[in-house]
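Observations on the three-dimensional arrangement
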Amino acid sequence: MVHLQDVRFDYDVIARWVPQGARVLDLGCGDGSLLRHLMNARGVSGYGIERDTPHVVECIRNDVPVLQIDLEQGLAGFEDAQFDVVVMSQSLQAVKNTEGILAEMLRVGREAIVSFPNFGYWPHRDSLAEGHMPVSRSLPYQWYNTPNVRFFTMSDFEELCAQRGIVVRERFAYDEDREITIDPNNFASVAIYRLGRAAA
Amino acid sequence: MTAPGSVGTVAPQRAHFDAPLTLRSGGVLPAFDLVFETYGTLNASASNAVLVCHALSGSHHVAGTYAHDAKSLGWWDNLVGPGKPLDTDKFFVVGVNNLGGCYGSTGPMSLNPATGKPWGASFPFVTVEDWVDAQARLADQLGINTWAAVLGGSLGGMQALDWTLRYPTRVRHGMVIAAAPKLSAENIAFNEVARQAILTDPEFYGGDYYAHGTVPTNGLRLARMIGHITYLSDDAMAEKFGRRLRHGEHKYHYDIEFEIESYLRYQGDKFAGFFDANTYLLTTKALDYFDPAFAYEGDLQAALARAQADFFIASFSTDWRFSPQRSRELVFALLHNRRRVTYAELDSDAGHDSFLLDDAHYHAALRAYFQNIEV
């Protein structure tokens, strides 16, 4: 999955939003460093989900419980509300079945936290205006070798949430080392959302 | 000379147990022997012991070689040794031949003390649970209260799982590889064909072939050939043998034409030359009976509720004998019980046999897991 060099905000914000001692499922957990951070900082328990074998081995090395499962298969096998929080850091854009996985996250978890690179970030718009697909810190790949399969803006994402009855409980947008509060769809390179289900 | 990473020359040991063992089948062994091997050194607090459980045709001889036979390499030697993934510089590793076996532990070839003759067909049925009970007695004798890990592949994985259920406080890590929480109907069907091959061999004499001075070689050979088909994948067979012809042309006879026939006959002959048919029958039945959820109306989650261990589960993509789906059943039932579970679903083209091979990722995963086990 995709890894930013600078994941500090991701880790800090997610750790703030995850309750102490929560049961956490981390989708696309890479080498397990986020879950390790949450275990250390918040005393959480839980599992990482990862498809890629070298990453699975790194998780084991980092003493993070990992389940080697391909997210494209959804989360079949997991029970409803089995986790307090289902996290997906910097991976939503690499999953084809975006709608399905969002629904699954909020089935399996009481809450979901997702972060993703914002395609609407102004340098990306500049690239497109100049006739090229964007390459940036948050989208560090060429079009022909990117593992990302979905390209969307914060506005796009919020529209999808509204349509599917997903409530945005908190939002944090940033660019490099700065939080972005004004016009984040234009100025933020990465967005993090805390999501829940609308009360029935 | 000792090869680097090898445990070197090893010798089996024998433990005798005088107290009777009541088996699940209702049978009782008044006394029994287990042969076993150990590698590495048990530490002062006995916290570094790892039990390696064998599968259908395995034995206590897990690693190293015997002094008199340079070719007698242990069946999981690529995993166990100094600096290997299951590192004998850190762990004290125990391999044991199960009850009913034919490598020295009490089994159908042993003398029944009541008659002074080999048990043969009268040897009681043994189950995975009985094996685990017998292994627990060995652990007692070795001064091991709690295993750092119990590890096994295939039928060995079932024993590792059963340890966590039967003696929840005596195993810290259950390592269940290429296994399943129970056999499928198809699995049992293959076992039944293998058994029928033996049972209907005229040399079998109802299991008392020792007394008749015969060996049901043909039956055992067929049983093993069937087994080997299920241990390989279609891809592995295609790659290894394809439709390659022994003579380069069709001969229109029943001798070996295709190389796959040669392979199966060779494996069958080799196996029939040393393995005991009664042990084969008993062991396939132990496989069939294994089903920890049986006493819980099929509810695996409920059956696993008493486990306290952490788990390492692994499966292989082309294993159709115990497919990844079977391991996932186990994983999710353990998750329901909030066990700490690590699950690796590894790409491999070698089918069920993969668990015995030294694929780099597979061994890296095992190495990393063992490194994090505290002793």
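Please refer to the structure higher up on the page.
A brief look at the structure comes next. Just so we're clear, the structure is a prediction, and the values are computed from it rather than from any experiment. (Residues numbered from 1 in each chain as written. Chains lettered and ligands numbered in written order. Predicted model: local features only at pLDDT ≥ 70, side-chain atom pairs only at ≥ 80, totals over all residues. Heavy atoms only, no water.)

Of regular secondary structure, chain B possesses 11 helices and 14 strands. Expected size for 375 residues packed as a compact globule is a radius of gyration near 21 Å; at 20 Å, chain B falls within 12% of this value. C-alpha atoms of chain B, sized along the principal axes, occupy 65 × 55 × 50 Å. Residue pairs at least 24 apart in sequence account for 72% of intrachain contacts in chain B once pairs closer than 6 positions are excluded. Carbon together with sulfur atoms contributes 53% to the accessible area of chain B, which is approximately 15400 Å² in total. (Helix = DSSP H or I, 4+ residues; strand = E, 2+ residues; numbered from the N terminus. Rg over C-alpha atoms; globule rule 2.2 N^0.38 Å. Contact = heavy atoms within 4.5 Å. Areas by Shrake-Rupley, 256 points an atom, 1.4 Å probe, with all protein chains shown as cover.)

Listed by partner, the interface residues are 21 residues for chain B and 19 residues for chain A. Across the chain B to chain A interface the summed buried area is about 1900 Å²; carbon plus sulfur atoms make up 56%. Three residues stand out in chain B for area buried against chain A, namely B:F332, B:L335 and B:R340, and they jointly supply 29% of the buried area on that side. The interface formed by chain B and chain A includes one salt bridge. For A:D63, the salt bridge is made with B:R340, and the minimal N-O distance between the two is 3.5 Å. Along the contact surface separating chain B from chain A lie nine residue pairs in polar contact (both at pLDDT 80 or more). When contributions to the side of chain B that touches chain A are tallied by element, the ones reaching two or more residues are α10 (324-336), β14 (341-346) and α11 (360-371) of chain B. Per-element accounting of the side of chain B that touches chain A gives the leading share, six residues, to β14(B). (Buried area = accessible area lost by both parts, 1.4 Å probe. Salt bridge = Lys/Arg side-chain N within 4 Å of Asp/Glu carboxyl O. Polar contact = N/O pair within 3.5 Å; in protein donor to acceptor, adjacent residues only side chain to side chain.)

Overall, the coordinates contain 23 salt bridges over all chains when judged by the stated rule. Residues B:R24 and B:E129 are paired through a salt bridge, measuring 3.5 Å at the closest nitrogen-oxygen approach. Within this pair, whereas B:R24 is found in the loop between β2 (21-22) and β3 (28-29), its partner B:E129 is found in helix α1 (residues 128-142), the two being separated by 105 residues in sequence. Among the charged side chains, a salt-bridge network with shared partners connects A:E111, A:R169, A:E170 and A:R194.

Before going further, it helps to examine the nonpolar core. With 171 residues, the main nonpolar core has A:F78 and B:I177 as its most contacted residues. Ranked by the residues each element gives to this core, the list is headed by α1(B), at seven residues. Not counting the four nearest positions on each side in its chain, B:I177 is found in contact with B:W76, B:L151, B:G152, B:G153, B:S154, B:G157, B:F312, B:A314, B:F316, B:F355, B:Y362 and B:L366. By size, the runner-up hydrophobic cluster in this structure holds eight residues, among which are B:M225, B:I260, B:Y263 and B:L264. (Core = buried A, V, L, I, M, F, W, Y, C linked by side-chain atoms within 4.5 Å. Buried < 20%, exposed > 50% of the residue type's maximum accessible area, 1.4 Å probe, protein only.)

Residues and elements named next belong to chain A. Position of G165 among the secondary structure elements: in the loop between α6 (154-163) and β6 (166-175). Each C-alpha atom of the pair G165 and R197 lies 6.4 Å from the other, and the pair is 32 residues apart in sequence. Once residues lying within four places of it in the same chain are set aside, the contact partners of G165 are G196, R197 and A198.

These results come straight from atomic positions and should not be treated as a statement about function.
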